[in-house]
Amino acid sequence: MKSVLLIGMGMFGQALGEKLVNMGNEVMIADKNEDIINSLAPKYSGAVIANCMNADNLKSLDIPSFDACVVAIGDDFQSSLEITSILKDLGAKYVVSKANTDIQRKFLFRVGADEVVYPNHDLAEKLAVKLNSKKVFDYIELDSKHSIFEIAVPAKWIGKTLVEINPRGKHSLNVLTIKKDKNVIPALDANYVFDEGDHLVVFGNTEIILAFANKQK
């Protein structure tokens, strides 16, 4: 369980807050809109009506006590920028800020954000990858070059063992696990025999994995 300060309760902030609470985290929410805070307060461990561009208002929240602070403001970049900077000045352990453009992302990093999320861009990119290949079911980008993908097992692999296929040596793919329907095989054995309908969860270079998935029939 982690303690999170969530600033900005628009659509993104509310969706994130609900998810964090459902995962068992302690979440304090803050927004200058009194109606929003009053309606959402019962769901959270704490709620504050405050203009978070005011350093004194943030200081009163004991910023260093939170494991993470999220600036989820999407419609006022100046506020997002200033709040991110103030949080770092007040000793925030980890600040995640929301951006709507690449330029905003760059400036948020410059003022001290530890992580910048770009929901619209990330969602569009993820959808494009999935639409581009019927063999890609999901993926998580780890950095600019590496990702974890869930892809269909190639037809040529069916009936053969992991050691026979040698995905790492022949295809530069690290097979982390196998998904069968909704079940995950926790410990993958070298003698595992691939079956029709298997989903591979693989780690590696993003371009290599995409190229591999796209050429499969």
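The preceding data block contains the structure.
Definitions and limits used
- Every chain begins its residue count from 1, and numbering advances along the sequence as written.
- Confidence filtering applies because this is a predicted model: local features only for residues at pLDDT of at least 70, side-chain atom pairs given and counted only at 80 or more, and all residues used for totals across whole chains, interfaces and linings.
- Excluded from the side-chain calculations are hydrogens and water; all other atoms, namely the structure's heavy atoms, are used.
- Nonpolar cores were defined as sets of buried Ala, Val, Leu, Ile, Met, Phe, Trp, Tyr and Cys residues, with membership established by side-chain atoms within 4.5 Å.
- For the exposure calls, accessible area comes from a 1.4 Å probe over protein chains only, and a residue counts as buried if that area is under 20% of its type's maximum, exposed if over 50%, partly exposed in between.
- Every helix listed is a DSSP run of H or I at least four residues long, and every strand listed is a run of E at least two residues long, numbered separately from the N terminus.
- A contact between two residues is defined here by any heavy atoms of the two lying within 4.5 Å.
- Two strands qualify as a pair provided DSSP detects at least 2 bridges between them.
- Note on definitions: angles span 0 to 180 degrees between N-to-C directions of axes, and those axes are lines fitted to C-alpha atoms, for helices only across the stretch in contact.

(A) Fine view of the nonpolar core. Core analysis: the largest hydrophobic core is formed by 20 residues, its most contacted members being Phe149, Ile151, Trp157, Ile178, Phe194, Leu200 and Val202. Among the elements of the structure, β7 (136–141), β8 (146–152), α7 (162–165), β9 (174–180), β11 (199–205) and α9 (206–214) are those that each provide at least two residues to this core. Once you skip the residues sitting within four places of it in the chain, Ile178 turns out to touch Asn183, Val184, Ile185, Leu188, Tyr192, Phe194, Asp198, His199 and Leu200. Within the second largest apolar cluster, 16 residues are counted, among which are Ala30, Leu58, Ile73 and Ile83.

(B) Focus on the sheet that holds strand β6 (residues 115–117). Pairing is parallel in the open sheet, where six strands are placed in the order β3-β2-β1-β4-β5-β6. Both edges of this open sheet fall to β3 (46–49) and β6, since each of them pairs with a single strand only. Pairs of neighbouring strands in the sheet enclose a mean axial angle of 15 degrees, with direction left out of account. Set on the sheet, helix α5 (residues 102–110) makes contact with β5 (95–98) and β6; between it and β6 the angle comes to about 160 degrees.

(C) The arrangement of the environment of Leu58 in detail. Position of Leu58 among the secondary structure elements: in helix α3 (residues 55–59). Overall, Leu58 belongs to the buried group, its relative accessible area being 0%. Taking C-alpha positions, Leu58 is 59 Å from Lys160, a pair spaced 102 residues apart along the chain. Excluding residues that lie within four positions of it along the chain, Leu58 makes contacts with Ile7, Cys52, Ile63, Ile83, Ile86, Leu87 and Leu90.

(D) View of the environment of Val202. Tracing the chain through its elements places Val202 in strand β11. In this structure Val202 comes out as buried when scored by relative accessible area, which is 0%. For Val202 and Met28, which are 174 residues apart along the polypeptide, the C-alpha to C-alpha distance reads 36 Å. When sequence neighbours within four positions are dropped, the list of residues in contact with Val202 reads Ser147, Ile148, Phe149, Ile151, Asn174, Val175, Leu176 and Ile209.

The analysis is restricted to geometry; functional conclusions fall outside its scope.
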